[in-house]
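# Breakdown of the fold
What follows is the residue order along each chain.
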Amino acid sequence: VVENFKLLSSALPGADTGKLLTIQPSLLYSDVRRRTAVNVERLERIFARIGKRCGIEDGVNFVELVTSGSGSSLLTTRPETTESKLERLEEFVPDAVLRQWLQRPSTLSRVLNASHAVLDRIEYLSACKNCDTGFTSAVTMTTKKFCEKFPDFSEWQENKASKKEV
């Protein structure tokens, strides 16, 4: 446990490791040397690439991202999962919105921890020409409330799923 604490501190320099472990205690028992350190390196590269694309020259404050709220779960999630969600967001979320999320670690971590169904809501809003709901509220809104506000969403989602199956 002490070794994992030290390894985690060195993998995330500048992070409040105690706070991080309070939020995500499972990190103490994870394979920090292999899995967590590899996750950190890979995720840092992913976020740096997206940060540059969105005009954030000094990159994303990755330490702040993973120590904010639910962001710590990104350390235990397979990097491929996070990467695929980010790639999906890059397809339909305007760079200006991505930039805002990259600069607000708690919002970005909430989006990245959202289910694919929630990402469908964001994609739906990007295709919607006269929607007055912001992308972030698509994440925080309950499914019931979102479907009430956008009654054609369920049909849109079913059509999208049926196109994937073909």
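Fair warning: this is a prediction, and the values are worked out from it, not measured in the lab. (Residues numbered from 1 in each chain as written. Predicted model: local features only at pLDDT ≥ 70, side-chain atom pairs only at ≥ 80, totals over all residues. Heavy atoms only, no water.)

## A word on the nonpolar core
Counting residues in hydrophobic clusters, the biggest one holds 30 residues, and the most contacted among them are L89, V93, W101, I122 and F146. Taken together, the elements giving at least two residues each to this core come down to α3 (32–53), α5 (79–92), α6 (95–103), α7 (105–112), α8 (116–127) and α9 (135–140). For this core, the element with the most residues is α8, which contributes 5 residues. L8, A15, L21 and L27 belong to the second largest nonpolar core, which has 9 residues in total. (Core = buried A, V, L, I, M, F, W, Y, C linked by side-chain atoms within 4.5 Å. Buried < 20%, exposed > 50% of the residue type's maximum accessible area, 1.4 Å probe, protein only. Helix = DSSP H or I, 4+ residues; strand = E, 2+ residues; numbered from the N terminus.)

## Description of the packing of α5 against α8
The contact between α5 and α8 brings their axes to 9 Å, and the two run at 15°. One way to sum up the angle between α5 and α8 is to call them roughly parallel. In this structure, α5 meets α8 at a crossing whose hand is right-handed. On α8, the residues touching K85, R88, L89 and F92 of α5 are H116, L119, D120, I122, E123 and S126. A breakdown of the residues in the contact of α5 with α8 according to their chemical character gives 4 nonpolar, 2 polar and 4 charged. (Axes fitted to C-alpha atoms, helices over the stretch in contact; angles between N-to-C directions. Parallel < 35°, antiparallel > 145°, perpendicular 65-115°, else oblique. Left-handed = near helix turned anticlockwise from the far one by under 90°. Contact = heavy atoms within 4.5 Å. Nonpolar A, V, L, I, M, F, W, Y, C, P; charged D, E, K, R; others polar.)

## A look at the packing of aromatic side chains
Under the criterion given, the structure shown has 7 aromatic pairs. Consider the rings of Y124 and F146, whose centres lie 6.2 Å apart with planes at 75°: the pair is edge-to-face. Of this pair, Y124 sits in helix α8 while F146 sits in helix α10 (residues 143–149), placing them 22 residues apart in sequence. On the numbers, 5.5 Å between centres and 75° between planes, the contact of Y124 with W156 is edge-to-face. Of this pair, Y124 sits in helix α8 while W156 sits in helix α11 (residues 153–165), placing them 32 residues apart in sequence. Among the residues examined, Y124 registers a relative accessible area of 6% and is labelled buried. The class for W156 is partly exposed, based on a relative accessible area of 24%. Among the aromatic residues, those joined into a ring-pair cluster are Y124, F146, F150, F153 and W156. (Phe/Tyr/Trp six-rings, centres within 6.5 Å; stacked < 30°, edge-to-face > 60°.)

## Describing the side chain of D120
Tracing the backbone shows D120 in helix α8. Here the side chain of D120 touches Q157 through a polar contact of 2.9 Å, side chain to side chain. Among residues more than four places away in sequence, those in contact with D120 are R88, F153, W156, Q157 and K160. (Polar contact = N/O pair within 3.5 Å; in protein donor to acceptor, adjacent residues only side chain to side chain.)

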